[in-house]
Amino acid sequence: MLDFDGTLAPIVRDPARASLGRGMAASLARLAKRNDVVMAVISGRSLADLKQRVRLANIYYAGCHGFEMEGPGWSYLHPRMARVETQVKKLEDRLRTTLAGVQGTIIENKRYALTVHYRRAPRKEHPRIGRLVRQAGDPFRTWLRMEPGRMIHEFRPAVAWGKDKAVAQLMRRHRKDEPYPIFLGDDVTDEPAFEFLKGKGLTIKIDSDERAGRTAAILRLRSQRQVMAFLRSLT
Ligand SMILES: [Mg+2]
């Protein structure tokens, strides 16, 4: 089970340009072909966006942290998502107005979630952006909850959910195979999955920062190059 941004693909200034390196794509394809491997990519990106960036058939995809999932002959959508989609559209309209004059922000409608990226905004604007985004999101709080991330403010459905739930569903689907779960991720949104897999499998945090903070993951890798070497070691 693999996160996408910061795990398989390097973090880039414009999230729309994030992509797998050629070596990584080849390593994934090779690993996915093994009969004894079930592969899943679990991301905060929308399902459609994620699939188009990974482009592998016969693997699982979990978009929006697992609110929408798809795999060989199977799909899942959380029952509250139709209402959430409408609320995301309204919030998007509001934010486009609110942030119109703020340089360097990108609003991304992920269908069941919404992300404001501020990596490209001047540092001194960051506090103001946070304030404006919080105010805009306030009327939507019954449906959407604001969560922090790496240089992003993200609104996710106000439903008790996280990547741990996506992992649990995948584990359940493959219970009879008695899989040994391996999960790689780089962000705070991956921590619930690390926690969930404690004592059950292998968890790896991708972190290039020497002063990295606490994580529930067992191991640490420093770069996409190391992730690739790890994936190759499994094939
Ligand atoms: Mg990530």
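Numbers given to residues run from 1 along each chain, matching the order in which its sequence is written. Given that this is a predicted model, residues contribute local features only at a pLDDT of at least 70 and side-chain atom pairs are listed and counted only at 80 or more, while totals for whole chains, interfaces and linings are drawn from all residues. As a convention, hydrogens and water are excluded, and side-chain values are obtained from all of the structure's heavy atoms.

Colleague: Can you tell me about the overall build of the protein chain, naming the residues and giving the values?
Modeller: When helices and strands are counted, the protein chain shows seven helices and 11 strands. Values of the radius of gyration come from C-alpha atoms, whereas the globule rule sets the reference at 2.2 Å times the count of residues to the power 0.38. Computed over C-alpha atoms, the radius of gyration of the protein chain comes to 18 Å, within 12% of the 18 Å expected from 2.2 N^0.38 for 235 residues, which places it in the range of a compact globule. Per-residue accessibility, obtained with a 1.4 Å probe over protein chains only, is compared with the maximum for each type, and a residue is labelled buried under 20%, exposed over 50%, and partly exposed between these values. Within the protein chain, the fraction of its 235 residues that count as buried is 51%. In the protein chain, the proportion of contacts linking residues at least 24 apart, taken out of those at least 6 apart, comes to 50%. Note on areas: Shrake-Rupley with a 1.4 Å probe; residue coverage comes only from the protein chains shown. When the accessible surface of the protein chain is summed, it comes to about 12200 Å², and 49% of that surface belongs to carbon and sulfur atoms. The averaged location of the 26 negative side-chain charges in the protein chain is 2 Å from the averaged location of its 44 positive side-chain charges. Each helix is a run of H or I in the DSSP string that is no shorter than four residues. Each strand is a run of E no shorter than two, and both are numbered from the N terminus. Contacts are residue-level and defined by heavy atoms, with any inter-residue pair within 4.5 Å sufficient. Lys and Arg are tallied as positive, Asp and Glu as negative. Neither His nor the chain termini are counted. For charged residues, the charge sits on one atom: NZ in Lys, CZ in Arg, CG in Asp, CD in Glu.

Colleague: Outline the environment of Thr-105, supporting the account with residue identities and numerical values.
Modeller: Mapping Thr-105 onto the fold places it in the loop between α3 (81–98) and β5 (106–109). What makes Thr-105 buried here is its relative accessible area of 19%. In this structure, the C-alpha to C-alpha distance between Thr-105 and Arg-119, residues 14 residues apart in sequence, is 7.6 Å. Identification of polar contacts relies on pairs of N or O atoms within 3.5 Å, with a donor-acceptor requirement for protein atoms, meaning one able to donate a hydrogen and the other able to accept it, and with residues adjacent in sequence counted only if both atoms are side-chain atoms. Within polar-contact distance, the side chain of Thr-105 engages the backbone oxygen of Val-102 at 3.5 Å.

Colleague: For the pairing of strand β3 (residues 68–71), give the residues involved together with the corresponding values.
Modeller: Strands are labelled as partners when DSSP assigns at least two bridges between them. Taken together, the three bridges between strand β2 (residues 60–63) and β3 define a ladder with antiparallel strand orientation. Following the sheet pairing, Tyr-61 is matched in β3 by Glu-70. If you look at the hairpin formed by β2 and β3, you'll find four residues sitting between the two strands, and Cys-64 has a positive phi there, around 45°. Judged from the four bridges that link them, β3 and strand β4 (residues 74–77) form a sheet pairing that is antiparallel. Note that in β4 the partner of Met-69 across the bridge is Tyr-76. Hairpin connection from β3 to β4: two residues lie between these consecutive antiparallel strands, with Gly-73 at a positive phi of about 65°.

Colleague: I'd like a rundown of the sheet that holds strand β7 (residues 144–149), residues and numbers included.
Modeller: Reading across the sheet, the four strands line up as β5-β6-β8-β7 and stay open at both edges, with antiparallel pairing between neighbours. Lying at the two open borders of the sheet, with one neighbouring strand each, are β5 and β7. Ignoring strand direction, the axes of neighbouring strands in this sheet form an average angle of 20°. In this sheet, strand β6 (residues 114–117) lies alongside β5 in antiparallel orientation, the contact comprising four bridges. Where helices are involved, their axes are fitted lines through C-alpha atoms of the stretch in contact, as for all axes, and angles between N-to-C directions lie from 0 to 180°.

Colleague: Explain the coordination of the magnesium ion to me, using residue names and the numbers behind them.
Modeller: Looking at the magnesium ion, the protein donor atoms are Asp-3 (OD), Asp-5 (O) and Asp-186 (OD), and they sit 2.1 to 2.2 Å from it. Metal donors were taken as nitrogen, oxygen and sulfur atoms no farther than 2.8 Å from the ion, or 3.2 Å where the ion is Na, K or Ca. Water is excluded, so coordination may look unfinished. On the primary sequence, the residues serving as donors to the magnesium ion are separated as D-x1-D-x180-D.

Colleague: Break down the packing of helix α1 (residues 22–33) against helix α7 (residues 224–233) for me, citing the residues and quoting the values.
Modeller: Running from amino to carboxyl end, α1 crosses α7 at an angle of 25°, the nearest separation of the two axes being 9 Å. Classified by the angle their axes make, α1 and α7 are roughly parallel. Crossing handedness for the pair α1 and α7: left-handed. Residues Gly-23, Met-24, Ser-27, Leu-28, Arg-30 and Leu-31 of α1 lie in contact with α7, whose contacting residues are Gln-224, Val-227, Met-228, Leu-231 and Arg-232. Taken together, the residues of the contact of α1 with α7 break down into six nonpolar, three polar and two charged. For classification purposes, an angle smaller than 35 degrees is called roughly parallel, one larger than 145 roughly antiparallel, one from 65 to 115 roughly perpendicular, and anything else oblique. Handedness of each helix crossing follows the sense of rotation of the near helix against the far helix: counterclockwise by less than a right angle gives left-handed, clockwise gives right-handed. By the convention adopted, Pro, Cys, Tyr, Trp, Phe, Met, Ile, Leu, Val and Ala count as nonpolar, Lys, Arg, Asp and Glu as charged, and the other residues, Gly among them, as polar.

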